[in-house]
Amino acid sequence: PGWFPRVVPARGRKSRHDPPAKSKAGRLKLPPPVDPEELLVVLERYRQHRLVLGALRAEFRAEVLQKKREERLGREDSAELLEEHRRLMAWNDEENARQRARRSERLRKEAEEEKRRKLEVMEKQAKKMEAFMKEKEKEVLQLQEEAKSFITPENLDARIEECLDNPRNYNFAIDKDGRVVKRTVLS
Amino acid sequence: ALFTGSRLLKGYRGGHVVIRFALGGCANRPFFRIVAAHSKRARDGKYLEQLGCLDPLPNVHGEKVAGLNLERLRYWLGCGAQLSRPAEKLLGLAGFLPLHPMTVTGAERLRQRRQREQQVGTAPADG
């Protein structure tokens, strides 16, 4: 035979940087011979094959999409899912109603609180104003009272006469309780 | 453990799903698994799904046995998987796809070569 057993296979022993062997120096690499009519026949066969393959792929794709769609939408019609959906919706409505009741209660209470507080404040204000007005009234009255004992140009002479007629002695002492000490000698 | 995890969760840029043969078996005993995998994976590496198998060596009765999961094949072809040439030829011979042109062409060439040999054989015999 032309071959002999090798310890290491020849293919793959040379890397791309090794030069080709001397026995391959005159080698002329040609492409395989092609029969033109066979080539035309083969090309036509390929064209038809690819056409059929494309159509098949399209059909399989449509099938897969249909299955996906059916799996996505078909489940809605089943009875248990509908019933569960209704149950959950009812529960949700109950929860909403409960929360709304609580919220309305809270809001009502808060409104009442606000009103009460406002009333209180207004009352306080009114009281303060009243007290203030009363104070002012009192002061005005007091002033009016005092005005009766003011010295006016008409009273001047009479008052002077009166003062001169009634000498008053302020020369007295006071102890810590505010009582007048009566032991001093009148001057 | 971290290394194996990162090896298993490999992500590729580009690439497509391909239905091809993954070689297994032992020395002088090949065995192909028909497999849907990413085109950039190793030939025998991690695949998406196994769609069948092929025993290239003829059995006791002279048959080459292959098994195919047509349901899942339709699914993967619908998802846009490409086919390798031997996979196409096998499916053509199985009847799931139309016959591959090169199968027909190869058969024709074989027939012509046999006819020529027969003619060459009868012509010298005639003298």
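Refer to the structure presented above.
Residues numbered from 1 in each chain as written. Chains lettered and ligands numbered in written order. Predicted model: local features only at pLDDT ≥ 70, side-chain atom pairs only at ≥ 80, totals over all residues. Heavy atoms only, no water.

Things to note about the overall build of chain B
Heads up, the rule is: Secondary structure elements follow DSSP: runs of H or I no shorter than four residues count as helices, runs of E no shorter than two count as strands, and numbering proceeds from the N terminus. Burial status follows relative accessibility: with a 1.4 Å probe on protein chains alone, a residue under 20% of its type maximum counts as buried, one over 50% as exposed, and anything between as partly exposed. In this description, accessible areas are obtained by the Shrake-Rupley approach with a 1.4 Å probe, and a residue is regarded as covered only by the protein chains that are shown.
Across its full length, chain B carries 4 helices and 5 strands. Beginning at the N terminus, the succession of helices and strands in chain B can be written as α-β-β-β-β-α-β-α-α. With 127 residues in all, chain B has 27% of them scored as buried. Accessible area for chain B stands at about 8,500 Å²; split by element, carbon and sulfur atoms hold 55% of it.

Re the sheet that holds strand 2 (residues 29-38) of chain B
Residues and elements named next belong to chain B. Convention followed: Think of it this way: DSSP has to see at least two bridges between two strands before they count as a pair.
Sheet architecture is open: 5 strands sit in the order 4-3-2-1-5, paired in mixed fashion. Each edge of the sheet is formed by a strand with only one pairing partner; in this case those strands are strand 4 (66-68) and strand 5 (82-83). Bridge analysis of strand 2 against strand 3 (residues 49-54) gives 5 bridges, and the strand direction is antiparallel. The residue of strand 3 that forms the bridge with isoleucine 34 is glycine 52.

Description of the packing of aromatic side chains
Our working definition: Whether two aromatic rings pair depends on their centres lying within 6.5 Å, for rings of Phe, Tyr and Trp, where Trp uses its six-membered ring; planes under 30 degrees apart make the pair stacked, over 60 edge-to-face, and the rest tilted.
Applying the stated criterion across every chain, the model contains 3 aromatic pairs over all chains. Here the aromatic rings of phenylalanine 60 of chain A and phenylalanine 96 of chain B are separated by 5.7 Å at their centres, their planes lie at 10 degrees, and the arrangement is stacked. In this pair, phenylalanine 60 of chain A is assigned in helix 1 (residues 36-73) and phenylalanine 96 of chain B in the loop between helix 3 (85-94) and helix 4 (101-126), connecting two distinct chains. By relative accessible area, phenylalanine 96 of chain B is classed as buried at 17%. Taking 5.3 Å as the distance between ring centres and 70 degrees as the angle between the ring planes, the aromatic pair formed by tyrosine 75 of chain B and tryptophan 76 of chain B counts as edge-to-face.

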